[in-house]
Amino acid sequence: MPSLSVFDLLAVHHFVADLPGDWLHRLAAVGHPVYYGTGHRLMREDGNADRFWLLHNGTVAIDFCVPGRGDIVIERVGPSTLIGWSWLTVPYRWQFGAVVAEEIRAVEFGAAAVRNLIDEDPEFGRELTTRILRVTADRLQASRHRLIELYAYPAVA
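This section reports on the structure supplied with the text. Since we're looking at a predicted model, the values are computed, not measured. (Residues numbered from 1 in each chain as written. Predicted model: local features only at pLDDT ≥ 70, side-chain atom pairs only at ≥ 80, totals over all residues. Heavy atoms only, no water.)

Let's talk about helix H3 (residues 111–120)
Thinking step 1. Listed in full, the buried residues belonging to H3 are Ala111, Val114, Leu117 and Ile118. One side of H3 holds all its buried residues, which, seen down the axis, span an arc of 120°. Counted as exposed and oriented over 90 degrees from the buried face of H3: Asp119 and Glu120. (Buried < 20%, exposed > 50% of the residue type's maximum accessible area, 1.4 Å probe, protein only. Helix = DSSP H or I, 4+ residues; strand = E, 2+ residues; numbered from the N terminus. Arc of directions from axis to C-beta.)

Next comes the structure, spelled out in structure tokens:
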């Protein structure tokens, strides 16, 4: 089976598939396909946020460090999602960590190149930022639901 081009991978990815073709071509020019095996750390909390990923296959565990307890997984995300958004705003430091839970195939983007595309085309920038904000809001809502489940019913003494 022939491998797909970055453009083809983007054209079938839920996050960007419906963008205009010229925007997809611009994104494809600054992305590249990657494969990472289970256990590979994509990012560490407070590290340099210099890239992001559009996940095609596999699972990524989002985590953060709790002093005295180590890295605690707060969410698992699967195919057709965005991994990483801290690259979008100063100070470009990861707010969370992420480790591959099940081997992944993704398209990886360098943050500086995508920020340049955003600067060059404000309409593209608004659309991409809006999509990233939706992902952020969805993840916050999922965290809220998990907290409700955790604390809604007091423990029986």
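Topic: helix H2 (residues 21–29)
Thinking step 1. When we look at burial in H2, the residues that qualify are Trp23, Leu24, Leu27 and Ala28. For H2, the buried positions fall inside an angular range of 140° around the axis, keeping them on one side.

Here we look at the pattern of salt bridges
Thinking step 1. Inspection of the entire model under this criterion finds ten salt bridges.
Thinking step 2. As a salt-bridge pair, Arg41 and Asp63 come within 2.8 Å of each other at their nearest N and O atoms. With Arg41 in strand E2 (residues 41–43) and Asp63 in strand E3 (residues 51–66), this residue pair connects regions lying 22 residues apart in the sequence.
Thinking step 3. Across the salt bridge formed by Arg51 and Glu108, the nearest N and O atoms sit 3.4 Å from each other. With a gap of 57 residues between them, Arg51 in strand E3 and Glu108 in strand E6 (residues 97–110) connect regions that are remote in the sequence. (Salt bridge = Lys/Arg side-chain N within 4 Å of Asp/Glu carboxyl O.)

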